[in-house]
Amino acid sequence: MQITVQRHPIEDMETDALVLPVFQDRREDRLGLGEMYDAGEISGKPFEMTLLHNVPGLRAKRLLAVGAGKPAKFNAAELRRAVGAAIRHLKSKAIREAAVWLDAAHAGADYVSAAVEGAILGDFETDRYKTEKKDAKTVERFTVAAAGGGPHLETAAERGRIIAEAQNFTRELANEPPNRLTPLRLAEYARGMAEEFGLEYEALDQDRMAQLGMGSLLGVAMGSAAPPVLIVLRYRPATTLAGSAHLGLVGKGVTFDTGGISIKTADGMEKMKYDMAGGAAMIGAMRALVQLKPSIPVTALIPAVENMPGSRAQRPGDIVTSLSGKTIEVINTDAEGRLILADAITYAQRLGCTHLVDAATLTGAVVVALGHYNVGLFSSDDALRERVMLAARAEGEKMWHMPLEDEYKDYLKNAYADISNVGGRYGGAVTAAMFLKEFADPTPWVHLDIAGTAWLDEGKPFMAKGPTGVPLRSMVRLAMDWQG
């Protein structure tokens, strides 16, 4: 998509379709819309679309009034969604060129960036493998018209393009079918991206991980013919201040999860291709960060495996030794994500990461607790938790702080090993996080359980069905805004 920024008055915008956000409880008098408000044809409710042709006084061929909700709740995140919905509406009508007009109150850098993101994200479809693409329509050119905008809006638009393209790259990875995206193929995608954008890349193969002692990670991979790999991506700023933070981003990369010997039910198992969505998000975040250039070093680690019930598969009752030296009794082989993350977290510490954030489609329990709207956030460190929460709020990725008191560790007690990999029926999302905390301590750490938010079972007005790319934007914001 070609992106441009203009500062023309709304009347002078020349485009196939001009998108104008309109609000509830605020009558829009321009361009004859006031009468439509009075008649009830426009209400301003979120994602309501009113398409008008040849509006008097407007050079644009069409005007699309898109509902933006209540003015008091409108922010950059809501603009992103509104623009995404508008683009999806316009592309369905084979419109190839569009623009959005922002008034002076919403012409700042964050709004311009969000508008560009919304357009690029809204244009994305998950139909790569369809031979007949009935909806193969796309908006090729998009303009942000920011009336009275400042001098740095082109930079903001470029930032939006970088982030949205990285998020769509993440969504493409998470949507790949498991016969095409094995652990080694995921590593090839990461290597290709690293070479294109100038990231340092390393891949630890099965032999190297065995030499290091990553028994927890390797145990998960035993049942699959597809070998595992630990992907490492490094960004180093041109100048690193002494004593500065080194952010580690760890993403679960289970390219397909049958549950192993503790096999899942058949219903819905086809979606387990997205069990590497956390890893994909961290790869995508690095794609954006190397272009945006934060002031701190960032390293991403993605342990990639298949969890299969082969003849050599890990069994319930097996005891494995992790990279940290802690022993783990595997009670349930379908609790595999925490096993691979444990070794990746320990390795991140060995690489010098001073602060850690992991993202994983880890538990069904978090979906029961929070549904599909909030990421479950767990943390061992209040300061890092607040950094992540601030980043998430700024980006409109909803997160909810969950408990992590020491008492929950009692659920993981084990008579035969240092710790069990599951904690029983109760508090499943919390005990999964508590398991990871055992390996993250004493490093400041945040765990993001994205099982309910990484995938849309049904499309939204602003986004196609399938992978969402959560929490890529929050991770980019976290690194870019890091101070001290």
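Everything numeric in this text was worked out from a predicted model, so none of it was measured. (Residues numbered from 1 in each chain as written. Predicted model: local features only at pLDDT ≥ 70, side-chain atom pairs only at ≥ 80, totals over all residues. Heavy atoms only, no water.)

Visitor: Got a minute to help me understand helix H9 (residues 337–350) in this structure?
Guide: The terminal C-alpha atoms of H9 lie 20 Å apart, and with 14 residues this matches the ideal 20 Å at 1.5 Å per residue to within 8%. Counting buried positions along H9 yields twelve of 14 residues, so the element is predominantly enclosed. Among the residues making up H9, those that are buried are Gly337, Arg338, Leu339, Ile340, Leu341, Ala342, Asp343, Ala344, Ile345, Thr346, Tyr347 and Ala348. Just downstream of H9 lies glycine 352, where phi reads positive at about 95°. (Helix = DSSP H or I, 4+ residues; strand = E, 2+ residues; numbered from the N terminus. Expected span 1.5 Å × (residues − 1). Buried < 20%, exposed > 50% of the residue type's maximum accessible area, 1.4 Å probe, protein only.)

Visitor: I'm lost on helix H8 (residues 277–292) in this one. Help?
Guide: An α-helix turns once every 3.6 residues. As a result, residues three or four positions apart point the same way. Here H8 contains 16 residues, and its C-alpha end-to-end distance of 22 Å stays within 8% of the 22 Å for a straight helix at 1.5 Å per residue. Burial runs high along H8: 15 of the 16 residues are buried. Trailing H8 by a residue or two, lysine 293 shows a phi angle of about 60°, which is positive.

Visitor: Sorry if this is basic, but what is going on with the nonpolar core here?
Guide: What tends to happen in soluble globular proteins is that the nonpolar side chains get buried as a cluster. Ranked by size, the top nonpolar core spans 63 residues in total, and within it Leu249, Val388 and Leu448 carry the most contacts. The element contributing the most residues to this core is H8, with ten residues. Once residues within four sequence positions are removed from consideration, leucine 448 is found in contact with Val357, Asp358, Ala359, Ala360, Val375, Gly376, Leu377, Val388, Met399, Pro471 and Met475. Formed by 47 residues, the second largest nonpolar core is a distinct cluster that contains Val232, Val250, Phe378 and Val430. (Core = buried A, V, L, I, M, F, W, Y, C linked by side-chain atoms within 4.5 Å. Contact = heavy atoms within 4.5 Å.)

Visitor: What exactly am I supposed to notice about the pattern of salt bridges here?
Guide: Any two side chains of opposite charge can pair, so long as their charged atoms come close to each other. Evaluated as defined, the whole model comprises 39 salt bridges. Notably, a salt bridge pairs glutamate 158 with arginine 161, separated by 2.5 Å at the nearest N-O pair. With glutamate 158 and arginine 161 both in helix H4 (residues 153–175), this residue pair falls three residues apart, about one helical turn. We classify glutamate 158 as partly exposed; its relative accessible area is 36%. What makes arginine 161 buried here is its relative accessible area of 19%. The network of salt bridges with common partners includes Arg80, Asp110, Glu117, Arg159, Glu395, Arg473, Arg477 and Asp481. (Salt bridge = Lys/Arg side-chain N within 4 Å of Asp/Glu carboxyl O.)

Visitor: Would you explain the pairing of strand S11 (residues 298–307) in this entry?
Guide: On a regular strand, each side chain points to the face opposite its neighbour's, so the side chains alternate between the two faces of the sheet. Burial runs high along S11: ten of the ten residues are buried. In S11, alternate side chains face the same way, and those of Val298, Ala300, Ile302, Ala304 and Glu306 on one face and Thr299, Leu301, Pro303, Val305 and Asn307 on the other are all buried. Of the pairings in the sheet, the one linking strand S9 (residues 247–251) to S11 comprises four bridges and is parallel in character. Each residue of the ladder has a partner; that of glycine 248, found in S11, is threonine 299. The sheet contact formed by strand S10 (residues 253–257) and S11 spans four bridges and is parallel. From the neighbouring strand, aspartate 257 faces S11, where its bridge partner is asparagine 307. (Pairing = 2+ DSSP bridges.)

Visitor: Would you mind showing me how to read the packing of aromatic side chains here?
Guide: Describing an aromatic ring pair means giving the distance of the ring centres and the angle of the ring planes. A complete count under the given rule lists six aromatic pairs for this structure. When the centroid spacing of 5.0 Å and the interplanar angle of 85° are considered together, the rings of phenylalanine 23 and phenylalanine 74 count as edge-to-face. Highlighted residues: phenylalanine 23 in the loop between strand S2 (18–22) and helix H1 (33–38) and phenylalanine 74 in the loop between strand S4 (62–67) and helix H2 (76–91), separated in sequence by 51 residues. Overall, phenylalanine 74 belongs to the buried group, its relative accessible area being 8%. One aromatic cluster is present, formed by Phe23, Phe74 and Tyr111 through successive ring pairs. In this structure, arginine 26 is placed above the aromatic ring of phenylalanine 23, and the distance from its NZ or CZ to the ring centre is 4.9 Å. One residue, arginine 287, lies across the ring of phenylalanine 169, its end atom 5.2 Å from the ring centre. (Phe/Tyr/Trp six-rings, centres within 6.5 Å; stacked < 30°, edge-to-face > 60°. Lys NZ or Arg CZ within 6 Å of the ring centre and 35° of its normal.)

Visitor: What is the right way to look at unusual backbone geometry in this model?
Guide: Glycine aside, a negative phi is what most residues show, and trans is what most peptide bonds show. With an omega of 5°, the peptide bond between aspartate 441 and proline 442 qualifies as cis. Relative to the helices and strands, proline 442 is located in the loop between helix H12 (428–440) and strand S18 (445–449). Valine 470 connects to proline 471 through a cis peptide bond whose omega is 5°. Here proline 471 is to be found in the loop between strand S20 (466–467) and helix H13 (472–480). Not every positive phi belongs to a glycine, and asparagine 54 is a case in point at roughly 50°. Mapped onto the elements, asparagine 54 comes out in the loop between strand S3 (49–53) and S4.

Visitor: Even after reading the chapter, I still don't get the side chain of arginine 338, so can you show me in this structure?
Guide: Its location among the elements puts arginine 338 in helix H9. No salt bridge is formed by the buried arginine 338, whose closest oppositely charged neighbour, aspartate 449, lies at an N-O distance of 7.2 Å. A polar side-chain atom of arginine 338 sits 2.8 Å from the main-chain carbonyl oxygen of asparagine 421. With residues up to four places along the chain from it excluded, the contact list for arginine 338 reads Leu362, Thr363, Asn421, Val422, Ala432, Phe435 and Leu436. (Lys, Arg positive; Asp, Glu negative; His and termini not counted. Polar contact = N/O pair within 3.5 Å; in protein donor to acceptor, adjacent residues only side chain to side chain.)

Visitor: Would you explain the sheet that holds S4 in this entry?
Guide: Backbone-to-backbone hydrogen bonds join strands into a sheet, with any given pair of strands oriented parallel or antiparallel. Here we have six strands laid out as an open sheet, ordered S1-S6-S5-S2-S4-S3, and mixed in their pairing. Edge positions in the open sheet fall to strand S1 (2–6) and S3, since each of these has one partner strand only. Averaged over neighbouring strand pairs, the angle between their axes works out to 25° when direction is ignored. Relative to S4, S2 runs parallel, the two being bridged by five bridges. Across the sheet, the residue bridging to valine 22 is glycine 67, located in S4. (Axes fitted to C-alpha atoms, helices over the stretch in contact; angles between N-to-C directions.)

Visitor: What's the story with the sheet that holds strand S13 (residues 327–329) in this structure? I'm lost.
Guide: Here we have three strands laid out as an open sheet, ordered S12-S13-S17, and mixed in their pairing. The sheet is open, and its two edges are formed by strand S12 (319–321) and strand S17 (419–420), each paired on a single side. As defined by bridge partners, S13 adjoins S17 across two bridges and the pair is classed as parallel. Pairing of isoleucine 328 across the sheet is with isoleucine 419, part of S17.

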